[in-house]
Amino acid sequence: MSKSILIVDDSSSVRTVVGIALRGAGYDVLEAVDGADGLRQLDGRKVHLIISDVNMPNMDGLTFLKELKKRPQYKFTPVMMLTTEADESKIAIGKSEGARAWMVKPFKPELMLAAVTKLVLP
Amino acid sequence: MNALTRKTLDALGWHHASDSLAAHASPSATHMIPLVQVWERQIDEASRHGTEAVDQLTTIFVGIERQLAEAIEATMRTAAQMRSGSVTESVSGMDTARDRLLHVMSMIEEAVQANHALFDSVRNAVDAVKELSETAQSVEKIAQMTALLSINARIEAARAGAAGQGFAVVADEVRRLAAESRRESQAIMTRVARIDSVILQAADAAAQLKVRDHHLIQHSRDEIQSVLDDVGAAVQDMMQASETLGEIGQHTRASVGEALVQFQFQDRVSQRLAHVQTSLQDFSHQLEDGAPGPDQVNAMDQRLLKSYTMPDEGRIHRGEAAAEPAASGLIMF
């Protein structure tokens, strides 16, 4: 059974690019357009990794991360932030809120996949 | 001066007959010019970034189109060769090649069977000659014993005197028959020798046949090698075509990978425009209370500066040259 990964990003082109790379590597992919949608999509469902943007409408990625980690079943679900945000203070917040990696866009799909391989739950 | 700046200046009641903002703005509004110029630079950068990314995408897709054309051409070329040319003279001619090999095999089998038959005949002949020779030797031996017996009978007849006269005649006759038997047996042995000679000739013929078989096998080997070479050439051509297609596929994949990176420009452009849009909304709210003063404009400038997520936005804001975004900066926690 394939491992599933949730992509949370308001940019459809980024969701498409990440989705193509992940599906090509054999992962099942769920997509959400912002943090609030991400929480709705999860709804108790098991995912092996979450890839989230930071700057999004409705609920940004750091708030999403904070809300996610409040839920016991997702406490240990690895989260990788994938964002144009390169501000050190935001990166520090991401780390303190429990993100496992921070990747700055634009990204190369093969490097993103290498990071996914390291982070995804067994 | 771009359309946004013009519209903004129009909204503020400024004149903009030339490209110099400061020269035509009303003196009370000159403090707003730097903020408007920031918007202008951000929008220009977003436009430049979009145009550049689309240009790169166009170049990449032209490359992909060319690679696909090469792949199609390679496929068509192989297909054409398979239909009419040397490549599949062997492929379409696989049946012919198989027939040729089967024919060769059939010839070899026939030759081997003929040789077996010949060798059987020669072996039978050798056995027959041996039997004949033994028979002739037996006959000669009997003739010698019969001659010896007739001599003894003649001696006994002589001892018997007149009574043995008749027996002496019989003994002479027996001796004559024994001599005839010996002559016949010698004649048989002579004939056997002649047959033996014929058999030797047959053996020579068999040897010649062996030489012919050797040539036949050599010819067969050459023919098989020729067929294998043809098939090998066809396979080689197909493998080469396959490798070419594989290389083109790899290049195409790499090009698509580059395109996927470039497609992310939309996210960067959207974010840059979203920050300017937020600042324009900020400005619009300020305008509702009248033209913003220098402090308010400065505060708007700081809010815009703080809203940036990409280092490049800060550089553009300050009027510095844009830097190419580095791909895939990854920090593992």
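Structural notes, computed from the coordinates. (Residues numbered from 1 in each chain as written. Chains lettered and ligands numbered in written order. Predicted model: local features only at pLDDT ≥ 70, side-chain atom pairs only at ≥ 80, totals over all residues. Heavy atoms only, no water.)

Here 6 strands make up an open sheet; going across it, the order is 2(A)-1(A)-3(A)-4(A)-5(A)-1(B) and the pairing mixed. Strands with a single pairing partner mark the edges of an open sheet, and in this sheet they are strand 2 (28-32) of chain A together with strand 1 (329-332) of chain B. On average, adjacent strands in this sheet sit at an angle of 15° to one another, irrespective of strand direction. By the bridge criterion, 3 bridges tie strand 3 (residues 49-52) of chain A to strand 4 (residues 79-83) of chain A in an arrangement that is parallel. Note on strand 4 of chain A: the bridge partner recorded for Ser52(A) is Met81(A). Running at roughly 165° to strand 2 of chain A, helix 1 (residues 12-24) of chain A makes contact with strand 1 (4-8), strand 2, strand 3 and strand 4 of chain A of the sheet. (Pairing = 2+ DSSP bridges. Helix = DSSP H or I, 4+ residues; strand = E, 2+ residues; numbered from the N terminus. Axes fitted to C-alpha atoms, helices over the stretch in contact; angles between N-to-C directions. Contact = heavy atoms within 4.5 Å.)

This part covers the interface of chain B and chain A. Contact residues are listed per partner, giving 22 residues for chain B and 30 residues for chain A. Taken over both partners, the interface formed by chain B and chain A buries close to 2,200 Å², and the fraction arising from carbon and sulfur atoms is 63%. Counting every contact that joins chain B to chain A gives 0 salt bridges. Our count for the chain B to chain A interface comes out at 7 residue pairs in polar contact (both at pLDDT 80 or more). Elements with a minimum of two residues in the side of chain B that touches chain A: helix 6 (165-263), helix 7 (265-288) and strand 1 of chain B. In terms of residue class, the side of chain B that touches chain A is made up of 13 nonpolar, 7 polar and 2 charged. (Buried area = accessible area lost by both parts, 1.4 Å probe. Salt bridge = Lys/Arg side-chain N within 4 Å of Asp/Glu carboxyl O. Polar contact = N/O pair within 3.5 Å; in protein donor to acceptor, adjacent residues only side chain to side chain. Nonpolar A, V, L, I, M, F, W, Y, C, P; charged D, E, K, R; others polar.)

Below, the discussion takes up the pairing of strand 1 of chain A. Residues and elements named next belong to chain A. Counting buried positions along strand 1 gives 5 out of 5 residues, so the element sits mostly inside the fold. Of the two faces of strand 1, the one lined by Ser4, Leu6 and Val8 and the one lined by Ile5 and Ile7 are each fully buried. Summarising the sheet, strand 1 and strand 2 pair through 5 bridges and their orientation is parallel. Opposite Ile5, over in strand 2, you have Val29 as the bridge partner. Handedness of the crossover is the feature at issue here: the chain leaves strand 1, passes through helix 1, returns alongside strand 2, and the resulting connection is right-handed. (Buried < 20%, exposed > 50% of the residue type's maximum accessible area, 1.4 Å probe, protein only. Right-handed = clockwise from strand over helix to strand, strands pointing away.)

A few words now on the packing of aromatic side chains. The way to describe two aromatic rings as a pair is by their centre distance and the angle between their planes. Residues and elements named next belong to chain B. Applying the stated criterion across every chain, the model contains 1 aromatic pair over all chains. Plain terms: the ring middles of Trp39 and Phe283 are 5.0 Å apart, the flat faces sit at 70° to each other, and that makes the pair edge-to-face. Remark: Phe283 occurs in helix 7 and Trp39 occurs in helix 3 (residues 33-84); sequence separation between them is 244 residues. What makes Phe283 buried here is its relative accessible area of 5%. (Phe/Tyr/Trp six-rings, centres within 6.5 Å; stacked < 30°, edge-to-face > 60°.)

This part covers the pattern of salt bridges. All names here are of chain B. All chains considered together, the criterion is met by 16 salt bridges over all chains. Close ionic contact of Arg182 with Glu140 constitutes a salt bridge, the shortest N to O distance being 3.6 Å. In this pair, Arg182 sits in helix 6 while Glu140 sits in helix 5 (residues 94-160), placing the two residues 42 residues apart along the sequence. Glu140 gets classed as buried once you look at its relative accessible area, which sits at 17%. Residue Asp312 is joined to Arg315 by a salt bridge in which the shortest nitrogen-to-oxygen separation is 3.6 Å. One end of the pair, Asp312, and the other, Arg315, are both in helix 9 (residues 311-317), 3 residues apart, so they sit about a helical turn from each other. For Asp312, a relative accessible area of 5% puts it in the buried group.

Let us look at the packing of helix 7 of chain B against helix 8 (residues 294-307) of chain B. Residue and element names in this part refer to chain B. It is at 10 Å that the axes of helix 7 and helix 8 come closest, and there the two elements cross at 160°. Put simply, helix 7 runs roughly antiparallel to helix 8. Judged by the twist between their axes, the crossing of helix 7 over helix 8 is right-handed. Each of His275, Val276, Ser279, Asp282, Phe283 and Gln286 in helix 7 lies in contact with helix 8, whose residues at this interface are Gln296, Met300, Arg303, Leu304 and Ser307. The class makeup of the residues in the contact of helix 7 with helix 8 is 4 nonpolar, 5 polar and 2 charged. (Parallel < 35°, antiparallel > 145°, perpendicular 65-115°, else oblique. Left-handed = near helix turned anticlockwise from the far one by under 90°.)

Residue and element names in this part refer to chain A. Every buried residue belonging to helix 2 (residues 35-42) is among Gly35, Asp37, Gly38, Leu39 and Leu42, and all of these are buried. As for helix 2, its buried residues are in contact with strand 1, strand 2, strand 3 and helix 3 (61-70). For helix 2, the side-chain oxygen to backbone nitrogen distance between the N-cap and Ala36 is 3.1 Å, and the N-cap itself is Asp34. Where helix 2 terminates, the next one or two residues include Asp43, which has phi positive at roughly 45°.

By themselves these figures say nothing about function.
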